[in-house]
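Coordinates in review
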Amino acid sequence: MLKSLGSAVTRRPWLFLVAAVVLILDAVLLGADLPDRLSNGGTTDPGSQSARVQRVLEDHYPEQQPNLVLLVSVPEGAQVDDRNVAQQGVRLAERLAFEKLVVGVVSYWQTGLAELRSRDGEQAVIAARIEGGDDIARAELERLAPELRGKQGDLTVRISGALAVQNEIESTVAEDLTRSELIALPLTLVVLVWVFGGVVAALLPVLVGLATVLGTGALLRVVTGFTEVSVFAQNLTTALGLGLAIDYALLIVRRFREELDTGADARTSVLRTVRTAGRTVLFSALTVAVSLAAMLVFPLYFLRSLAYAGISVVLVAALTALTVLPAVLALLGHRVDALRVRRRKQGSAGSGGAASGPAPRRRLTEAVMKRAPLVTVLVTGLLLVLGLPFLGAEFGTADHRQLPASSEARAVQESLHDDFDDSPEGSVPVLLRTGGAPRAEARATAGRLAAKLSGLDGVTRVDSSNGTYRDGRRSEIPTPADASRRAAGYNLLTVVAEDETSATSAAHQRLAEALRDASASDGASVGGPAAALVDSKAAIGRGLAPALGFVLIATLLLVFLLTGSALMPLLVVALNALSLTAMFGAVVWVFQDGHLSGPLGFTATGDVEVTLPVLMFCVAFGLSMDYGVFLIARMKEDFDRSADHRGAVLRGMRTTGGLITAAAVVLSVVFVSIGLSRITNTKMLGFGVALAVLMDALVVRTLLVPAVMRLLGRRAWWAPEPLRRVHRRLGLREGPAEDLPADASGSGWAGPVDSPDSPDSPDPSDSSDSPESPGRKPHERHSATL
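1. Points about the packing of helix α4 (residues 83-97) against helix α6 (residues 134-148)
- Across the interface, α4 lies against α6 with an axial gap of 13 Å and an inter-helix angle of 160 degrees. Classified by the interaxial angle, the pair formed by α4 and α6 is roughly antiparallel. At the point where α4 passes α6, the crossing takes the right-handed sense. In this structure, α4 uses Leu92, Arg95 and Leu96 to contact α6, whose residues at the interface are Leu144, Glu147 and Leu148.
- Residue composition of the contact of α4 with α6, by class: four nonpolar, no polar and two charged.

So, in structure tokens, the structure goes:
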């Protein structure tokens, strides 16, 4: 397939380029309105009890579910109860109530509710709900906000609420995404110029990355027509699109230059590049896509939409690197080295051809292999220690504190929490389904349940249509306002909790579970943020085993197809897991506990958003597999050809070390630029994955892999005879089958089982390691994929 693709590209390169330009222009037009079609949220299980309660509340109790809050401040020296102020407040509330899409308007001046008046009497609240789907409600908010915000007579209005917070998060993400792209692209180009030593060669991966991001944006726009897609999918698309596309292009361009160095013409070099390096690109894309596909197991659309985005960007990156880039290379030929900024050594296996690259890397690898037991113990111990903070992880949900301190929506929410009594954050809705029961019977049932719930620990009172209950008995008779607590077939009880620190605090979660236990026999359902968080954690808990099982089985299978080894797949999985420990430890130590919150510019909330660890695991594990494929494929190819385990490890580290380092630097630059976002979750994703990428490339691949491979010796490539037969039929190889020596497929591993220190093992420093060794044929000297 790759041979046919390479032939088609080299025969008609202009056709591929023209088609690519047309598709990219179409993608730009199709994806132009993508930001307006993305949603914030999706971190709750839509089939859970809390989600069902939420839907009923939105339909039947809009005044209990306001998504628009106006915080009204009075002039200095005045009070909200002053006649003139009250008259203006009533007119403002009436004006809002006459808006077509606004329902459930509740204001202090019309209800006299104490919870809508600040303790100092200088502020009051008008709450309402804007109906319609996300797009309709957001458009209505954007229309109303300029009319309501600011001075309204003697009053000053600031706007917040769930809809305003969501809208501000989305707009901030879009602004930050543009800024991150402006930061990442120039820095990436500088790194690539250093790697390749020339401007033209460095520009090619950047162009592939841009094409990938634009193409994936168009695919996501299509996906939004069928399902909701999270606003954070844009960040993931940019980071993975630039990072992976540049990685794959780095691999393709580097291989193409090596083929040119052999004296081959441009067409032959492209054919060899697509057939060899292209196979690694396909295999790498498949492994990353498998890791991201694990998020499809979970019912939360936040994770599912990011899986759609991730899989799309991986496939587009691979397709672009295997079609558009070879077409450009076929036309450029030797001009790929135009505009050089430094000379490179032809045929160098180092990073982009730097002559000084391989020697220090080789000396480091030899030193690591000589002290393999010590290095293995120290590095493994260090990584495990770095991951220890994650044992104390607390999980929560995103709220207004995700926004920067300068945000109006956040400032209003904090004022509501700090300056008002009976904060809505301290209440939990309990929905009692009455069905067709007589009204008197339904009220009696609701009264008994309210009395029972009011006696639970952590409950201040329970408000219902029968009145207010405290300590197991009714303390206040019903008021006209209580009529809103009844709707067709339902009766709403509002449980006011003692703990008002956060709607999703550990105390609130325990209370939600206690309320469910106490009300289950009455057929009641418990909702609210704490119950939603409990349900989300339960949904993620149910999906963890299938997701991890899918990733594990798929990874083991793919690595086996690449290596034919029974042990190497297990080793790759273990090393990938170790490379993630520092990331998870840093997530808790920095973002949950608040260390470095000042320099990084965020507010620590004392917990980690419940879906973020799952997302970060899938992304970082897939990227670790990406680098693992680069390295293991090169070692396996060399071992099959030479039957020299130590030499294969050394040469694999030498030839791919520079590539992996360069790719890791590029990818970390992209993710760090994403981490500069003003939204805390985006910041966590960017810095966390960047740390995981650097730890994997600079610690795990540089130190731990050669040490463990030295300890295993040739046993690393062992497999029982039944598995060897399977691999001979289905396995993937980097070079033509006729290049393999006869003994490479005739035993469990090439050559006898020797200790790594066996005197029979070839000296890794002998002349056979040289690319110009007379003992190696030209096609062997240059058949390496990497």
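2. A few points about the sheet that holds strand β5 (residues 155-160)
- Here we have five strands laid out as an open sheet, ordered β2-β3-β1-β5-β4, and antiparallel in their pairing. On the outer flanks of this sheet lie β2 (102-107) and β4 (150-152), each paired with one strand and no other. When the angles between neighbouring strand axes are averaged without regard to direction, this sheet yields 30 degrees.
- Strand direction decides the pairing type here: strand β1 (residues 68-73) and β5, joined by five bridges, are antiparallel. Pairing of Ser73 across the sheet is with Thr156, part of β5.

3. Examining unusual backbone geometry
- The phi torsion at Leu596 lies on the positive side, around 70 degrees, for a residue other than glycine.
- For Leu596, the location among the structural elements is in the loop between α19 (581-592) and α20 (597-600).
- Positive phi, close to 55 degrees, is recorded for Ala643, a residue that is not glycine.

4. Looking at helix α18 (residues 568-579)
- For α18, which comprises 12 residues, the first-to-last C-alpha distance of 16 Å matches the rise-based estimate of 16 Å (1.5 Å per residue) to within 8%.
- Taken across its 12 residues, α18 has nine buried, putting it largely inside the fold.
- For α18, the complete set of buried residues consists of Met568, Pro569, Leu571, Val572, Val573, Leu575, Asn576, Leu578 and Ser579.
- Where α18 is buried, its residues meet α13 (372-386), α17 (529-563), α19, α21 (612-642) and α23 (680-712).

5. Focus: helix α9 (residues 233-261)
- Taking 1.5 Å of rise per residue, the 29 residues of α9 would be expected to cover 42 Å, and the 41 Å separating its terminal C-alpha atoms lies within 8% of that figure.
- Most of α9 is tucked away: 28 of the 29 residues are buried.
- Positioned one or two residues after α9, Gly263 has a phi angle of 100 degrees, which is positive.

6. Points about the confidence of the model for the chain
- Looking at the chain, the pLDDT average stands at 82 and 88% of residues meet or exceed 70.
- Mean pLDDT values for the elements of the chain range from 38 in helix α25 (residues 778-781) up to 94 in α13.
- Here residues 347-357 is a poorly scored stretch, pLDDT under 50, and it has 27 contacts once near neighbours within four places are set aside; other chains count.
- Across residues 734-786 the pLDDT falls below 50, and counting only partners more than four positions away or on other chains, this stretch makes 96 contacts in the model.

7. Here we look at the pairing of strand β7 (residues 427-433)
- Counting buried residues in β7 gives five out of seven residues, a clear majority hidden from the surface.
- Strand direction decides the pairing type here: β7 and strand β12 (residues 490-497), joined by seven bridges, are antiparallel. Bridge pairing links Val428 to Val495 in β12.
- Taken together, the three bridges between β7 and strand β13 (residues 524-526) define a ladder with antiparallel strand orientation. Counted as the bridge partner of Leu431 is Ser525 from β13.

8. Quick word on the packing of aromatic side chains
- Counted by the stated rule, this structure contains six aromatic pairs.
- Centroid distance Phe639 to Trp717: 5.4 Å. Interplanar angle 20 degrees. Geometry classified as stacked. Here the residue Phe639 occupies a position in helix α21, and Trp717 occupies one in the loop between α23 and α24 (721-730), the gap between them amounting to 78 residues. Here Phe639 and Trp717 have matching classes, each one buried.

9. Focus on the side chain of Ser312
- Mapped onto the elements of the fold, Ser312 is located in helix α11 (residues 301-332).
- Judged by relative accessible area, Ser312 falls into the buried class, the value being 13%.
- If we skip the residues at most four places from it in the chain, Ser312 touches Thr216 and Leu219.

10. Considering the pattern of salt bridges
- Enumeration according to the criterion identifies 29 salt bridges in this entry.
- The salt bridge partner of Glu147 is Arg95, with a shortest N-O separation of 4.0 Å. Highlighted residues: Glu147 in helix α6 and Arg95 in helix α4, separated in sequence by 52 residues.
- For Glu147, a relative accessible area of 36% corresponds to the partly exposed category.
- Between Glu366 and Arg362 there is a salt bridge; the shortest N-O distance is 3.3 Å. Here Glu366 pairs with Arg362, and both are found in helix α12 (residues 358-370), just four residues apart, close to one helical turn.
- Classification of Glu366 by relative accessible area gives partly exposed; the value is 24%.

Basis of the calculations
Residues numbered from 1 in each chain as written. Predicted model: local features only at pLDDT ≥ 70, side-chain atom pairs only at ≥ 80, totals over all residues. Heavy atoms only, no water. Axes fitted to C-alpha atoms, helices over the stretch in contact; angles between N-to-C directions. Helix = DSSP H or I, 4+ residues; strand = E, 2+ residues; numbered from the N terminus. Parallel < 35°, antiparallel > 145°, perpendicular 65-115°, else oblique. Left-handed = near helix turned anticlockwise from the far one by under 90°. Contact = heavy atoms within 4.5 Å. Nonpolar A, V, L, I, M, F, W, Y, C, P; charged D, E, K, R; others polar. Pairing = 2+ DSSP bridges. Expected span 1.5 Å × (residues − 1). Buried < 20%, exposed > 50% of the residue type's maximum accessible area, 1.4 Å probe, protein only. pLDDT = per-residue confidence, 0-100. Phe/Tyr/Trp six-rings, centres within 6.5 Å; stacked < 30°, edge-to-face > 60°. Salt bridge = Lys/Arg side-chain N within 4 Å of Asp/Glu carboxyl O.

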